[in-house]
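Overview (structure and organization)
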Amino acid sequence: MKDCVFCSILEGKIPSQRYYEDERFIVIKDIEPKAKLHYLAIPKKHYKLLSEMNDSDRDDLGHIMSTISQIAPKLGLDGGYRLVINQGDDAGQTVFHLHIHILGGQKMDFPEL
Ligand code: AMP
Ligand code: ZN
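Here the residue numbers are simple positions, counted from 1 along each chain's written sequence. Labels follow written order: the first chain is A, the first ligand is 1, and so on. Confidence filtering applies because this is a predicted model: local features only for residues at pLDDT of at least 70, side-chain atom pairs given and counted only at 80 or more, and all residues used for totals across whole chains, interfaces and linings. The basis for every side-chain value is the complete set of heavy atoms in the structure, and neither hydrogens nor water enter the calculation.

What about the environment of Leu103?
Rules: Secondary structure follows DSSP: runs of H or I at least 4 residues long count as helices, runs of E at least 2 residues long count as strands, and numbering of each begins at the N terminus. For every residue, the accessible area (1.4 Å probe, protein chains only) is compared with the maximum for its type, and the residue is labelled buried under 20%, exposed over 50%, or partly exposed between those bounds. By definition, residues are in contact when any of their heavy atoms lie within 4.5 Å.
Inspection of the secondary structure assignment puts Leu103 in strand β5 (residues 100-104). You can call Leu103 buried: its relative accessible area is 11%. For the pair Leu103 and Lys44, spaced 59 residues apart in the sequence, the C-alpha separation amounts to 20 Å. Apart from residues lying up to four places away in sequence, Leu103 is in contact with Lys34, Ala35, Leu37, His38, Tyr81, Arg82, Val84 and Met108.

Re the sheet that holds strand β4 (residues 81-84)
Strand pairs in the sheet, formed through backbone hydrogen bonds, run parallel or antiparallel to each other. Filter applied, for reference: Any two strands are treated as partners once DSSP identifies two or more bridges connecting them.
Read across the sheet, five strands follow the order β1-β2-β3-β5-β4 without closing on themselves; strand pairing throughout is antiparallel. Looking at strand neighbours, the two that pair on one side only are β1 (20-21) and β4, the edges of this open sheet. Relative to β5, strand β3 (residues 37-43) runs antiparallel, the two being bridged by five bridges. Bridge assignment links Ala41 to a residue of β5, and that residue is Ile100.

So, to be careful, I would describe these as geometric facts and stop short of saying anything about function.
Dropping the structure here:
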C-alpha cells in the first residue's frame, strides 16, 4: 500500500530490526516507546481496521496472538505484557495498517485498565 509506513517497513524501504518474522507478520520495536519494552506486531497484509478483516485475516490475528505468547520470553517479556490495538481517532490510532502494541518490561501504570 502506497504511503503506508508499515508497508514501507515490510517492503524494506524503511530499514528496521525484526525481532521476529514469519510468513504472516513481523515484530519490530516502536520508534517512540511508551514502555520500557514496546514492540509492534505488524501483519504482512495491509488492512486498516479490525472491521476490514476477512476470514483469513482473522486466522492471521489468532496466529499472531498465540505466537506472541510463545516468543514473549525471547522478547524479554517474562514478567508479563500488555497488548493494545488502537482503532480509529478516539483511540489515537496514527498508522492505519492494523498492528498490535506489545508493552512490557515494567509494571504498567494504568490501573484502571
Ligand atoms: P497507533 O497510534 O496505534 O497507530 O500506533 C502507531 C505506532 O507506530 C506509534 O506508537 C508510533 O510510535 C509507531 N511508529 C510510527 N512510525 C514508526 C517506524 N518507522 N518504526 C517504528 N514504529 C513506528
Ligand atoms: Zn500498510
